[in-house]
Amino acid sequence: MDRPAVVVLFGGRSSEHSISSATAGGVLRAIPRDRYAVIPVGITREGVFVLEDDDPDKFALDADRLPEVIDNGSRILWPEGGGDRTLRVRRADGDIADLGNVDVVLPILHGVHGEDGTVQGFLDTLELPYAGGGVLDSALCMDKHFMKIVLRSAGVPVSPWVTVTAAGWARDPDAVRADAVALGLPLFVKPARAGSSVGVSKVAAPDELDDALRVAFAEDEKVLIETAIVGREVEVAILEGRRGGRARASLPGEIVLTTREFYDFEGKYLGGDGAEVVCPAELTDAEIAAIQELGIRAFEAVEGRGLARVDFFLASDGLVVNELNTMPGFTPISMFPKCWIASGMTYPELIAELIDTALERA
């Protein structure tokens, strides 16, 4: 029996390009080669689709070198649609090679132009099955403003916030400052459509707000100012149900901060001191059940597909959902895989679960 051909799609045009590339390194190393034929396709920072090397070591992430997809002169020629699934590549010398039929795409893209529904819509148009979120849930969860509106309307608790546009800030900065002060201090300022804590700042005093907004607006023209919730930072990993079943939740994990103000990019990906990922978290049975149930409810509220990581604050008065990530960090040391590993699933089994769910849906 032929193995299904899986396009591992990574890189991309967002500020999270290197994280996506590092995730690809972990996936390429762990994907069960006896079950799947792998075709690595990278997207450069300029948006060029290239045939990449099937070499996990090339995409290792460390503090001295951030991996990235470099334009090697090749060009991926996607299927022509109408039921065609033939993938081709035009190599740097101009020769065109047939890479075979694509059975499923595994898009491990983070941020805009990948995690926001755009690539999902492209693949839908070509009628290519793919793992992970669809157009709607990807777009909703990429935009934290609309994600909060949908969650709140479904009865899922979220932190108080105001949304600010670059035009609104330029037009009436005093009104924005007044809205922020009304939320109370401390605050978090974050881009509406970015991830991996890029562009996020904690504001402890009113005179820090302007700089925080400048950092956030460098990433996005729409920014959220949120009330900082005092509580434990817990996260749960969600997988789509199989064969019509309800979505499944892992054991929760926890971000334990010692010296960091919040779980920033360095703490997440570069092994910075002051933050530790603990999974499973030390919680009571009742707390675990509540986190799992609210995580599934949040996933259902956005019509989640494939997978998501749901981030919470466990405060003294209950749970508050911070955000959903439809393509969460997926390196072997990231919270999403660690939660499922703690729940009894191996990293290769988790990759296979995503692929098989997509094949089943197709």
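Conventions we followed
Residues numbered from 1 in each chain as written. Predicted model: local features only at pLDDT ≥ 70, side-chain atom pairs only at ≥ 80, totals over all residues. Heavy atoms only, no water. UniProt positions renumbered as here; feature names shortened; annotations may be inferred. Core = buried A, V, L, I, M, F, W, Y, C linked by side-chain atoms within 4.5 Å. Buried < 20%, exposed > 50% of the residue type's maximum accessible area, 1.4 Å probe, protein only. Helix = DSSP H or I, 4+ residues; strand = E, 2+ residues; numbered from the N terminus. Pairing = 2+ DSSP bridges. Expected span 1.5 Å × (residues − 1). Salt bridge = Lys/Arg side-chain N within 4 Å of Asp/Glu carboxyl O. Phe/Tyr/Trp six-rings, centres within 6.5 Å; stacked < 30°, edge-to-face > 60°. Axes fitted to C-alpha atoms, helices over the stretch in contact; angles between N-to-C directions. Contact = heavy atoms within 4.5 Å. Arc of directions from axis to C-beta.

Going by an unreviewed UniProt entry, the protein carries the name D-alanine--D-alanine ligase and comes from Microbacterium lacus. Taken directly from UniProt, the Subcellular location (unreviewed entry) text for the protein runs: "Cytoplasm". Within the UniProt record for the protein, the comment given under Pathway (unreviewed entry) is "Cell wall biogenesis; peptidoglycan biosynthesis."

Right, let's talk about the nonpolar core for a bit. Counting residues in hydrophobic clusters, the biggest one holds 38 residues, and the most contacted among them are Phe330 and Ile351. Of all the secondary structure elements, the ones that give two or more residues to this core are strand E1 (5–11), helix H1 (17–30), strand E7 (104–107), strand E12 (232–239), helix H10 (335–342) and helix H11 (347–361). Looking at which element gives the most residues to this core, the answer is H11, with 7 residues. By size, the runner-up hydrophobic cluster in this structure holds 31 residues, among which are Ala281, Ile291, Phe299 and Val321.

Note that strand E5 (residues 86–90) and strand E6 (residues 96–101) share 5 bridges and pair antiparallel. In the strand pairing of E6, Val89 is matched with Ala97.

In a regular helix each residue adds 1.5 Å, so 15 residues correspond to 21 Å; H11 covers 22 Å between its end C-alpha atoms and thus fits that length. Buried within H11 are the following residues: Tyr347, Leu350, Ile351, Ala352, Glu353, Leu354, Ile355, Asp356, Thr357 and Ala358.

To continue, consider the pattern of salt bridges. Within this structure, the stated rule accounts for 25 salt bridges. The partner of Arg309 in a salt bridge is Asp311, and the shortest N-O contact between them spans 2.7 Å. Across this residue pair, the class does not change: Arg309 and Asp311 are buried.

Inspection of the entire model under this criterion finds 6 aromatic pairs. With a centroid separation of 5.8 Å and 35° between ring planes, the pair formed by Phe330 and Phe336 is classed as tilted. Of the two residues, Phe330 and Phe336, neither departs from the other in class, the shared state being buried. Arranged with centres 5.7 Å apart and planes meeting at 40°, the rings of Phe330 and Tyr347 form a pair that is tilted. Of this pair, Phe330 sits in the loop between strand E17 (318–325) and H10 while Tyr347 sits in helix H11; the two residues are 17 residues apart in sequence, bridging distant segments of the chain. The same class applies to Phe330 and to Tyr347, which are both buried. Put simply, the rings of Phe49, Trp78 and Phe122 touch in pairs and so form one group of aromatic residues.

Our focus in this paragraph is the sheet that holds E1. Spatially, 4 strands are ordered E3-E2-E1-E7 in an open sheet, and the strand pairing comes out mixed. In this open sheet, the two edge strands, each paired with only one partner strand, are strand E3 (49–51) and E7. The mean inter-strand angle of the sheet, taken between neighbouring strand axes irrespective of direction, is 30°. Pairing geometry for E1 and E7, over 4 bridges, is parallel. Counted as the bridge partner of Val8 is Leu106 from E7. Each of E1 and E7 is contacted by H11, which is oriented at about 135° to E7, the strand it contacts most.

Along helix H7 (residues 209–217), the positions that sit buried rather than exposed are Leu209, Ala212, Leu213, Ala216 and Phe217. Axial view of H7: buried residues confined to an arc of 130°, hence all on one face. Those residues of H7 hidden inside the fold are in contact with strand E8 (161–165), helix H5 (166–171), helix H6 (173–183), strand E9 (187–191), strand E10 (201–203) and strand E11 (222–227).

In spatial order, the strands read E8-E11-E9-E10; together these 4 strands make up an open sheet with antiparallel pairing. On the outer flanks of this sheet lie E8 and E10, each paired with one strand and no other. Here the average twist between neighbouring strands, direction ignored, is 25°. Sheet topology note: the E9/E11 ladder contains 5 bridges and is antiparallel. Looking at the pairing, Lys190 lines up with Leu224 of E11. Together, E8, E9 and E11 form the strand contacts of helix H4 (residues 144–153), whose direction differs from that of E11 by roughly 50°.

Here we take up the environment of Val135. Within the fold, Val135 resides in helix H3 (residues 135–142). Sequence separation between Val135 and Ile19 is 116 residues; the distance between their C-alpha atoms is 22 Å. If near-sequence neighbours (up to four positions away) are discounted, Val135 is found in contact with Gly117, Gln120, Gly121, Asp124 and Tyr130.

On to the environment of Ala298, then. Checked against the element boundaries, Ala298 lands in helix H9 (residues 285–301). The spatial distance from the C-alpha of Ala298 to the C-alpha of Leu314 is 15 Å, given a sequence separation of 16 residues. Setting aside anything within four residues of it in sequence, one finds Ala298 in contact with Leu151, Val156, Val310 and Leu324.

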